[in-house]
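Below, each chain spelled out in residue letters.
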Amino acid sequence: MSDTRRTAATPSHDSHNAVVTGQFGPQASAYLTSANHAQGADLEQLASIARAHARAQVLDLGCGAGHVSFFTAPHVARVVAYDLSADMLGVVAGEAAKRGLQNIDTQLGAAESLPFDDASFDLVFSRYSAHHWADVGAALREMRRVLKPGGRVAICDVASTGQPLFDTYLQAVEVLRDTSHVRDYSTGEWLTMAAGAGFSVASVTPRSLELDFKTWTTRMRTPEPMQVAIRALQTAMADSVREHFRIQDDGSFTLDTVTLELIAG
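Residues numbered from 1 in each chain as written. Predicted model: local features only at pLDDT ≥ 70, side-chain atom pairs only at ≥ 80, totals over all residues. Heavy atoms only, no water.

Considerations on the pairing of strand β1 (residues 57-61)
Thought 1: By the criterion of burial, β1 is predominantly enclosed, with 4 of the 5 residues buried.
Thought 2: In this structure, β1 lies alongside strand β2 (residues 78-83), joined through 5 bridges in parallel fashion. Looking across to β2, one finds that Val58 is bridged to Val79.
Thought 3: Sheet analysis places β1 next to strand β4 (residues 121-127), joined by 3 bridges and oriented parallel. What sits directly across from Asp60, in β4, is Phe125. (Buried < 20%, exposed > 50% of the residue type's maximum accessible area, 1.4 Å probe, protein only. Helix = DSSP H or I, 4+ residues; strand = E, 2+ residues; numbered from the N terminus. Pairing = 2+ DSSP bridges.)

A closer look at the nonpolar core
Thought 1: Core analysis: the biggest nonpolar cluster contains 29 residues, and Leu59, Leu61, Leu140, Met143, Trp190 and Phe199 have the highest contact counts within it.
Thought 2: Broken down by secondary-structure element, the contributors of at least two residues to this core are β1, β2, β4, α7 (136-146), β5 (147-158), α9 (187-196) and β7 (253-264).
Thought 3: Ranked by residue count, the leading element in this core is α7, at 5 residues. (Core = buried A, V, L, I, M, F, W, Y, C linked by side-chain atoms within 4.5 Å.)

Brief notes about the sheet that holds strand β3 (residues 104-108)
Thought 1: One open sheet holds the 7 strands; their spatial order is β3-β2-β1-β4-β5-β7-β6, and the pairing between them is mixed. Only two strands of the sheet have a single partner each, and these edge strands are β3 and β6 (199-211). Between one strand axis and the next, the sheet turns by 15° as a mean value, whatever way the strands run. (Axes fitted to C-alpha atoms, helices over the stretch in contact; angles between N-to-C directions.)

Comments concerning unusual backbone geometry
Thought 1: Even without being a glycine, Ala119 presents a positive backbone phi close to 55°.
Thought 2: Mapped onto the fold, Ala119 is located in the loop between β3 and β4.
Thought 3: A residue is classified by how much of its surface remains accessible, and Ala119, at 36% relative accessible area, is partly exposed.
Thought 4: Phi angles above zero are rare outside glycine, and Tyr128 is one such case at about 55°.
Thought 5: Take Tyr128: it is sitting in the loop between β4 and α7.
Thought 6: Among the residues examined, Tyr128 registers a relative accessible area of 14% and is labelled buried.

Things to note about the environment of Arg141
Thought 1: Among the secondary structure elements, Arg141 is positioned in helix α7.
Thought 2: Judged by its relative accessible area of 45%, Arg141 falls in the partly exposed class.
Thought 3: Considering only alpha carbons, one finds Arg141 and Ala194, 53 residues apart in sequence, at a separation of 8.6 Å.

Some words on helix α11 (residues 224-236)
Thought 1: With 13 residues, α11 should reach 18 Å at 1.5 Å per residue; the first-to-last C-alpha distance of 18 Å fits that figure.
Thought 2: Of the positions making up α11, those classed as buried are Gln227, Ile230 and Gln234. Seen along its axis, α11 keeps its buried residues to an arc of 60°; they face one direction. Exposed side chains of α11 directed beyond 90 degrees from the buried face belong to Pro225, Thr235 and Ala236.
Thought 3: On the buried face of α11, the contacting elements are α8 (164-177), α10 (213-219), α12 (239-244) and β7. (Expected span 1.5 Å × (residues − 1). Arc of directions from axis to C-beta. Contact = heavy atoms within 4.5 Å.)

Points about the packing of α8 against α11
Thought 1: It is at 9 Å that the axes of α8 and α11 come closest, and there the two elements cross at 165°. Relative to α11, the element α8 lies roughly antiparallel. The handedness of the crossing between α8 and α11 is left-handed. Where α8 approaches α11, its residues Tyr169, Ala172, Val173, Leu176 and Arg177 are matched on the opposing element by Met226, Ala229, Ile230, Leu233 and Gln234.
Thought 2: Grouping the amino acids of the contact of α8 with α11 by side-chain chemistry returns 8 nonpolar, 1 polar and 1 charged. (Parallel < 35°, antiparallel > 145°, perpendicular 65-115°, else oblique. Left-handed = near helix turned anticlockwise from the far one by under 90°. Nonpolar A, V, L, I, M, F, W, Y, C, P; charged D, E, K, R; others polar.)

Things to note about the confidence of the model for the protein chain
Thought 1: Looking at the protein chain, pLDDT values average 90 and 86% of them are 70 or higher.
Thought 2: In this model, residues 1-5 is a region of pLDDT below 50 whose contacts with residues beyond four sequence positions or in other chains number 11 contacts. (pLDDT = per-residue confidence, 0-100.)

Considerations on the pattern of salt bridges
Thought 1: Overall, the coordinates contain 9 salt bridges when judged by the stated rule.
Thought 2: Arg99 is paired through a salt bridge with Glu95; the nearest N and O atoms lie 2.9 Å apart. With Arg99 and Glu95 both in helix α6 (residues 86-99) and 4 residues apart, the pair spans about one turn of that helix.
Thought 3: The exposure class of Arg99 is partly exposed, given its relative accessible area of 43%.
Thought 4: Salt-bridge contacts for Arg145 lead to Glu142; the nearest nitrogen and oxygen are separated by 2.8 Å. (Salt bridge = Lys/Arg side-chain N within 4 Å of Asp/Glu carboxyl O.)

Right under this line is the structure:
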C-alpha cells in the first residue's frame, strides 16, 4: 500500500478526534433519521454526479449515518463509507443491508490520513463533515492523493459569509452546540485551500439550510447551559446578525451552505 505522501496524525489531531467520536458515537441513530441529513438538493446533486460515473469507485468521507452512500450506491460500482466513529459505521452497515445495497463497504479512520492506495477512487464525496476536521488542508491533499487523475470531489458544508461579525457569531454558536466543531469556512477560504491541494473548480453552489433549534440541539445532546448560552447570544447580537441568520423567537434559524465540485489536476 502506497503511503509516501500520507499525512501522519499528530497528538493534537488524536485528541480532537477523540472528542469527535465521543460526540457522535452515542447519537449515530439520531443522524440516520435526521430530516436535515436524509434529504436535500445537495444530496440530489451528488447522486447526479454519481449517475454520470456508473463504474465509479466512490469514497464517502466523513460518512456519518451514510446518507451520501445510500444516495450514490445505486448508481456506481462501489462506495467506501469512511468515518471516525465505529458506531456510525455500524449504523451505515446495518441500514445498507436493510436497503439491499451490497456495494457499500465501511472503513474506520480520519480524513487527514486515508488508508488507501494512490489513485484508488474516481469520486470523493463529503457532506457536513469537514467542519469537524482538525486539518482541512491535509484532508484535501489526501483526497487528491487517493483520486485518479481527473477524478472529482464534491464537498457540502455549512459556509461562513467571510464577514467578521457574522463569522464570530456562527463559530460561537456552533462550538457551544457541539464541542467537536472546528470551523465553518467561507467559500473563498475553500477555494484557496482547494487550489493549494491541486484542484480546479468545476462549480460552486450556495444554498441555505433551515434549522429547528430544539431538533438541532437535541440531536447533539447539547447540555442545557450551552443551550441557554446560545439563546442569550442570539438575543444579544446586533439586529443585522439576527436578520442574516433569520433567528426566530424560538431560536430556530437559517445557515448558509455551499457545495463545491472540484477536479483533480
